[in-house]
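Chain and residue survey
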Amino acid sequence: MGRLSLGALLAVAALTLLTACGGGGGGESGAVAPPPPTGPTAAQLESAAELLDVTTFGADYTLVDAVAREGNRAWLERQFTLPPSDHLPIVLRYLNQYGYDINADPSPGLFRRFAWWEQTLTAEDQLRQRVAYALTQIFVVSDNVDVIFINPLALSSYYDMLLGNAFGNFRDLLRAVTLHPVMGVYLSHVNNAKANPATNTFPDENYAREVMQLFSIGLFELNADGTQKRDVDGNPIPTYDNGDIQEFAEIFTGLSYGPRPAGGASFFGNSDPVMHVPMRMFDAFHQGGQKLLLNGGVVPAGQSGLQDIDAAIDNLFNHPNVGPFIGRLLIQRLVTSNPSTAYVARVSAAFAGTGTGAPRGDMKAVLRAVLLDPEAASGIHLREPFLRFVAMNRILHATSDDDTYPAVGYIAQFLVQQHVLSAPSVFNFYSPAFSPAGELGRAGLVSPEFQISTDSTVVGLADLVAFAIYGDQSIDTPTGFTKIRLDLTDLEALAGNADALIDRIDLLFTAGTMDAATRATIRGAITPIANDAPARTRLALYLALIAPAYAVTG
Amino acid sequence: MTHYSRRRFLQHSAAVGIAAATQMNTLGRIAHAGPTDDYKALVCILLAGGADSFNMLVPYDTARYAEYAGVRSDLALPRADLLPLAYTGPSGESFAVHPGLGAVRTLFDQGNLAFIANIGTLAEPTDKTAFVENTARLPLGLFSHSDQISQWQTSVPDRRIATGVAGRIADIVTASAPAQPISMNISLSGTNVFQTGQVVTDYSLDANDGVRLVAGYGGPGSGLFTNALDALLAANYADPFRRSYAAKLRGAIDSGATFKAALDAAPVLNTSFSSTPLSRGLAQIARVISVRDTLSAHRHTFFVSLGGWDHHDNVLPLQAQMLPVVAAALAEFQQSMVELGVSDAVTTFTISDFGRTLTSNGKGSDHGWGGHQMVMGGAVAGRDVYGAYPVLIPDNALDVGRGRYIPTTSVDAFYAELALWFGIAPSELDLVLPNIRRFYAPESLTSPIGFMA
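Residues numbered from 1 in each chain as written. Chains lettered and ligands numbered in written order. Predicted model: local features only at pLDDT ≥ 70, side-chain atom pairs only at ≥ 80, totals over all residues. Heavy atoms only, no water.

Comments concerning the pattern of salt bridges
- Applying the stated rule across the entire model yields 40 salt bridges over all chains.
- Residues aspartate 430 of chain B and arginine 437 of chain B are paired through a salt bridge, measuring 2.8 Å at the closest nitrogen-oxygen approach.
- Take aspartate 430 of chain B: its relative accessible area is 28%, and that puts it in the partly exposed class.
- Ionic contacts of the salt-bridge type, sharing partners, join the residues Arg171, Asp172, Arg175, Asp310 and Asp314 of chain A into one network. (Salt bridge = Lys/Arg side-chain N within 4 Å of Asp/Glu carboxyl O. Buried < 20%, exposed > 50% of the residue type's maximum accessible area, 1.4 Å probe, protein only.)

And the structure:
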């Protein structure tokens, strides 16, 4: 009996493994059929798995095999052509079915989580979904703000905006982020009025600061390779000062919620949030007059509010920092924590359009540079705990009886302190510059993901893996909704041969890079379990998925 | 550091620089003390949801009770049901507590508990004119749960930041004090912003099961798994990321085992705790405190949350059910601290998202701002009501709508009082409470509020 049931969430910590009992099929006698002569080679499979590891939320054997046959580059280019699998339609499906009563249990606010899990587990446009996920950790908003949480349309609309712009141009992406009402709420530039001398009030500076610091250019002037420029005294050169922030704050005045698609009032100061249509400019509340932008840019007096915003977006978009700043963040989110300066420079060049034939800011050109760089193959970063959980569910065929995925993910969030679009602040779950104490810090290496690897969460991650593998559901769903379970039959069919089982786990999770010692340890642990394919499979998975070999990419 | 945000950079620099900047004075106060003669703990009880505290501490003298009854209308508690406190204010005013808070009255009358009246999140001292004319800096997301519950923990209401008061305190303390094998910030309610610092994060303990362990590790019949995981964590990996991760997980398992062994050897207390979640959480905290020497702990902060206080409906029957649970848990915990001989070293306090509207919505009360909190322990100058209890008349000078009161005591001043007692130097207060100078001058010779006499 390799299964355990969970009484309650908190029972996770009390799980015990019963691995030595008999029962079930399998056994050492099961021989593995040789691969068909026309199939891809092991090297082709591993190369495909390696690409899929960073371009999807996890690939099962069918997908790895298909990409190995199609070729990495061809698959990637085809991904660029797939239309987005939007999340909002799924939210609307649930709202149709269950109504929109914010006092209902479960809260309709959770429908956006249902939609995220459904598309993430099933959508074919995996690269687009995965890039949108990376963008949520740059353009951070979060459901830890009530008005964002309770509105089921808010974060799905925001995610769809990221999906729609993921393969477009960075300028359009930055503009869409700026005008999205969820960002307006999160960084308080919705209902941000022009200065009022009579009451001595001034425009809110929150968005003006963060759009520069976090979403476009960063704090210091950069060279194209990501290194800091220095002044004559050897000091880093700030990209802006507080005066610049005040000028940009004037630009971002006059925005309020747009009209509901069904009609209704739209006015400045509206406190009834419309979270799924772009914010609307109310010029009467926009700060008039000339504004000074960065690098000598000037917004003339007399323009409309949206003309001002477009001018400011252009000013930031054309700042030489954007390529290295955003490029390095994307490299870190997708490939490696400590890219070389040459790698950053190649991505910066792609952003600038140098040699790509694409215009400045073309996201496809940037993503090709990030994903196909010669350094990408040896990229090393600590896997995000939440992405490990997602990959486990995708690779191990998380399914439900009715093909819906009403997943909440609170157990993961409780145990590993991470869930998509639920960061504790605009500074994301971790800093891109976090350098952990110990060997990595002494070597001058950064590892952002280590910032949320505490005593509690590293143990919690192991418990989360055990919960999914040994429990009767792999992602928590609300009471009354269908359960989501892993389907391990593919692996159990291989379990009679320990090496075949480990080979397959290695291919799917570690792209064939699992070291010999880890393989030997897992083999040694499952070999004594005779004639119990489910128990063998589960123990092998549990060990492989909490092993240091899998915790780190590359 | 290239991409460090300015705020985080400054905070990080501050945290890292603390060892050099403050080592001497902090060392002088904490490190040189022996294991038992210098121990202090702060216990934060979060009443999540925004407790209607104007029905917890109620005016009792006839004139002021009449005002209370008038403004609260159908939410007013009958005067005959209230439990009067052995305290008379400077103007002759008297107070009572909710009938469900009998044990709190006892603690108060014994001098082990005090109230802080009309306290709340403030970005700067704020009056009604400034509020109405929109000239005051206000807390972000005022009246909303998520922001207010967070700001009570960060004490930085004008920014959405990810570090909290106890986290920043722990960054300072652990930069100079001898190492403790387990984080000095221990949560019974999972990770929380209150205990998150730049360097220090909380160690999560379960109210029921205690230490979180790797499922199956070391359990009966799990030798294959346990031995294999030990081998995986002992292997010598080629890259420093895997070596670091292996060390991290190994360390977490070992410190969990250390913690569990210490707790398993904890003395059985004579104090009996109720079976409610809050009492169980406080009982775990008492167990940890009882093994502080085994854990080499000089300082602890604890965090435990009890939800369900968002009483838009049924505030009267629900408070009647829930407040006795809080009162019993407080009394049990205080008794256990006396039993352990650390009553003077452990200070417990409540926080909550906000107070609620004085006026009724016909069923309950809605989100407000200022409210009342309790602070308990042998070091508390108890049997007192600190701060300024508002005059409960409609549209008073603090009322910004429906009896939402602008706080007259800031969360910053409250935490400053606790931090100074805990051993934070006045010169370090700016690091713990970045906005403190808007409310209190750390160089001042008077205490911020005075409840830790």
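Read on, since the account is not over.
Quick word on the nonpolar core
- Formed by 186 residues in total, the largest nonpolar core has its most connected members in Leu135, Phe139, Phe170, Phe215, Val370 and Tyr542 of chain A.
- Per-element tally for this core: the top contributor is helix H20 (residues 455-470) of chain A, with 11 residues.
- Residues in contact with leucine 135 of chain A, not counting those within four places in the same chain, are Leu162, Ala166, Leu173, Leu330 and Met363 of chain A.
- Counting 81 residues, the second-largest nonpolar core is a separate cluster that includes Ala41, Ile182, Val211 and Leu323 of chain B. (Core = buried A, V, L, I, M, F, W, Y, C linked by side-chain atoms within 4.5 Å. Helix = DSSP H or I, 4+ residues; strand = E, 2+ residues; numbered from the N terminus. Contact = heavy atoms within 4.5 Å.)

Considering the sheet that holds strand S4 (residues 94-97) of chain B
Residues and elements named next belong to chain B.
- Spatial strand order, S2-S4-S3: 3 strands in an open sheet with antiparallel pairing. Each end of this open sheet is capped by a strand with a single partner; those strands are strand S2 (57-59) and strand S3 (83-88). Averaged over all pairs of adjacent strands, the angle between their axes in this sheet comes to 35°, without regard to strand direction.
- Looking at chain direction, S3 and S4 are connected through 3 bridges and run antiparallel. Paired with threonine 88 across the bridge in S4 is serine 94.
- Of the strands in this sheet, S2 and S4 touch helix H2 (residues 62-72), which is tilted by about 115° from S2.
- Across the sheet, helix H3 (residues 102-109) lies against S3 and S4, angled at about 15° from S3, the strand it touches most. (Pairing = 2+ DSSP bridges. Axes fitted to C-alpha atoms, helices over the stretch in contact; angles between N-to-C directions.)

Describing a nonpolar patch on the surface
Residue and element names in this part refer to chain A.
- A surface patch of nonpolar side chains, amounting to about 280 Å² of accessible area, comprises Tyr100, Ile102 and Ile150.
- Here isoleucine 150 lies in the loop between helix H7 (146-149) and helix H8 (154-165).
- Given a relative accessible area of 36%, isoleucine 150 falls into the partly exposed group. (Patch = residues over 30% accessible without salt bridge, like charges linked within 9 Å, V, L, I, M, F, W, Y side chains within 5 Å. Areas by Shrake-Rupley, 256 points an atom, 1.4 Å probe, with all protein chains shown as cover.)

Some thoughts on the interface of chain B and chain A
- The interface is formed by 53 residues belonging to chain B together with 77 residues belonging to chain A.
- Contact between chain B and chain A buries roughly 5,800 Å² in total, counting both sides, with carbon and sulfur atoms accounting for 62%.
- Inspection of the chain B/chain A interface yields 2 salt bridges.
- Glutamate 439 of chain A is the salt-bridge partner of arginine 243 of chain B, the closest N and O atoms lying 2.4 Å from each other.
- Across the contact surface, chain B and chain A share 12 residue pairs in polar contact (both at pLDDT 80 or more).
- Counting only elements with at least two residues in the side of chain B that touches chain A, the list comes to helix H1 (6-31), helix H5 (145-154), strand S7 (203-206), helix H7 (223-234) and helix H8 (240-264) of chain B.
- By residue number, the principal contributor to the side of chain B that touches chain A is H8 of chain B, which donates 11 residues.
- Each residue belonging to the side of chain B that touches chain A can be placed in one class, and the counts come to 23 nonpolar, 17 polar and 13 charged. (Buried area = accessible area lost by both parts, 1.4 Å probe. Polar contact = N/O pair within 3.5 Å; in protein donor to acceptor, adjacent residues only side chain to side chain. Nonpolar A, V, L, I, M, F, W, Y, C, P; charged D, E, K, R; others polar.)

Considering the environment of phenylalanine 354 of chain B
All names here are of chain B.
- Tracing the backbone shows phenylalanine 354 in the loop between strand S10 (346-352) and strand S11 (371-376).
- Put simply, phenylalanine 354 and serine 274 are 80 residues apart on the chain and 27 Å apart in space, counted from C-alpha to C-alpha.
- Apart from residues no more than four positions distant in its own chain, phenylalanine 354 is found in contact with Gly49, Gly50, Ala51, Phe143, Ser144, His145, Gln148, Trp152, His367, Gly368 and Trp369.

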